[in-house]
Amino acid sequence: MGSIEITEDILAPGDTLTLKYKGKNPFLAVSITPGLIKDLMKISSKDLFEHHIKWDVTSDPRDFYGKWMGKRGEDKWTRSFIRVIIQGQQSSKEKEGWCTIQLKGFMRTKYEYANFIQKWFWWFFNRSFYYKQRRMYLDANKDTMLELKRSLQNALGNAPEGQF
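Below you will find a few notes about this structure. Nothing here was measured: the structure is a model prediction, and the numbers come from that model.

Moving on, we get to the overall build of the protein. Check the secondary structure of the protein and you find two helices and six strands. Put simply, the protein runs from its N terminus to its C terminus through helices and strands in the order β-β-α-β-β-β-β-α. Rg of the C-alpha trace for the protein: 19 Å, well past the compact-globule value of 15 Å for 164 residues, more than 25% over. On the principal axes, the C-alpha backbone points of the protein span a range of 65 × 40 × 25 Å. Looking at the protein as a whole, 37% of its 164 residues are labelled buried. When the accessible surface of the protein is split by element, carbon and sulfur atoms take 53% of a total near 9,900 Å².

And the structure:
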C-alpha cells in the first residue's frame, strides 16, 4: 500500500521563531510552557510530548534545557505539530539569568492508496478541493504559534510596548 505525504512549515518561508530573554526568573518559561501548549492548541495531555527536561544543579548559574511537542489532529488526513525548545541559565541566589526560546511548527497531510486510480484521485482531491482547507489549518496554526510567543513574552515581562 502506497501513500502520498505532504509536509509544510507553519511559519513558511521561515521555520523558527526565536525569543531571547535576559532578566529575572527565566526558568519560569520552562514551568509554564507545557500548560500553554495544551491550552493554546486545545489538546489533552496524551498529545503533549515532553522530549527532554534537563538542569544542572552542580554549578551556579544553573543551566536548564527543555523540549516539548504538541500534536493535534485536524481531520482524518492532517496532523499539526508545534515544538518548543527552551535553553538558558539562572543564578540560584539572585534568580537572574537568560533563556532562548525556539518555536517551530509543521503540518503533515497523508493519503494512503492501493492502486494508481486511487493515487490519481488523491492528487486531484488535494489540488481541487482540500488545498483551501489546508491553508485554513496553516493560518490557524500560525495564529496559535504567535499567541504562544505573546504568552511567553507576557509571562517573562518581555512584551513589546502597546501589548495588553
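Next, the rest of the story.
Our next topic: helix 1 (residues 28-41). Taking 1.5 Å per residue, 14 residues should reach 20 Å; helix 1 reaches 20 Å between its end C-alpha atoms and fits that length. Along its length, helix 1 reaches its greatest deviation from straightness, about 30 degrees, at P34. In this structure, the buried side of helix 1 is in contact with strand 3 (48-55), strand 4 (62-73), strand 5 (78-90), strand 6 (96-113) and helix 2 (116-156). Looking one or two residues past helix 1, K42 carries a phi angle of roughly 60 degrees, positive in sign.

Bringing the packing of aromatic side chains into the picture now. Under the defined criterion, the tally for this structure stands at 16 aromatic pairs. Arranged with centres 6.2 Å apart and planes meeting at 50 degrees, the rings of W77 and Y111 form a pair that is tilted. Highlighted residues: W77 in the loop between strand 4 and strand 5 and Y111 in strand 6, separated in sequence by 34 residues. Of the residues examined, W77 reaches a relative accessible area of 23% and is grouped as partly exposed. For the pair W120 and F124, a centre-to-centre distance of 5.6 Å together with 10 degrees between the ring planes defines the contact as stacked.

When a protein is soluble and globular, its nonpolar side chains tend to lie buried together. Formed by 34 residues in total, the largest nonpolar core has its most connected members in I37, V84, I86, I101, L103, L148 and L152. Every element with two or more residues in this core is listed here: strand 1 (2-9), strand 2 (16-24), helix 1, strand 4, strand 5, strand 6 and helix 2. Other than its neighbours up to four places away in sequence, L152 contacts L19, A29, I32, T33, L36, I101 and L103.

A few words now on the pattern of salt bridges. Enumeration according to the criterion identifies seven salt bridges in this entry. Between R108 and E5 there is a salt bridge; the shortest N-O distance is 3.2 Å. Linking R108 in strand 6 with E5 in strand 1, this pair joins segments that are 103 residues apart in sequence. Classification of E5 as partly exposed rests on a relative accessible area of 43%. Its salt-bridge partner being R134, residue E8 comes within 2.3 Å of it at the nearest N-O pair. Residue E8 is found in strand 1, and its partner R134 is found in helix 2; the two are separated by 126 residues along the sequence. Take R134: its relative accessible area is 3%, and that puts it in the buried class. Three or more residues are tied together by salt bridges with common partners; here these are E8, R134 and R135.

What counts as what
Each chain carries its own residue numbering, running from 1 in the written order of its sequence. Thresholds applied to this predicted model are a pLDDT of at least 70 for local features of residues and 80 or more for the giving and counting of side-chain atom pairs; totals over whole chains, interfaces and linings are not thresholded and use all residues. Side-chain calculation: all heavy atoms of the structure are included, whereas hydrogens and water are not. Each helix is a run of DSSP H or I of at least 4 residues and each strand a run of E of at least 2, with the numbering of both proceeding from the N terminus. The quantity called the radius of gyration is restricted to C-alpha atoms. Its globule counterpart is 2.2 Å times the number of residues to the power 0.38. Partly exposed describes any residue whose relative accessible area lies between the buried limit of under 20% and the exposed limit of over 50%, with all areas from a 1.4 Å probe on protein chains only and scaled to the type maximum. Only the protein chains shown count as cover for residues, and all accessible areas are computed by the Shrake-Rupley method using a 1.4 Å probe. To estimate the expected span of a helix, count its residues, drop one, and scale the result by 1.5 Å. Values of bend correspond, residue by residue, to the angle between axes fitted over the seven residues ending at that residue and the seven starting there. When checking whether two residues touch, look at their non-hydrogen atoms; a contact exists if any pair is within 4.5 Å. The criterion for an aromatic pair is that two Phe, Tyr or Trp rings (for Trp, the six-membered ring) have centres within 6.5 Å, with stacked assigned to planes under 30 degrees apart, edge-to-face to planes over 60 apart and tilted to the rest. Only buried residues count toward a nonpolar core. Its members are Ala, Val, Leu, Ile, Met, Phe, Trp, Tyr and Cys residues joined through side-chain atoms within 4.5 Å. Each reported salt bridge corresponds to a side-chain nitrogen of Lys or Arg within 4 Å of a carboxyl oxygen of Asp or Glu.

Shape is all these values report; function is a separate question.
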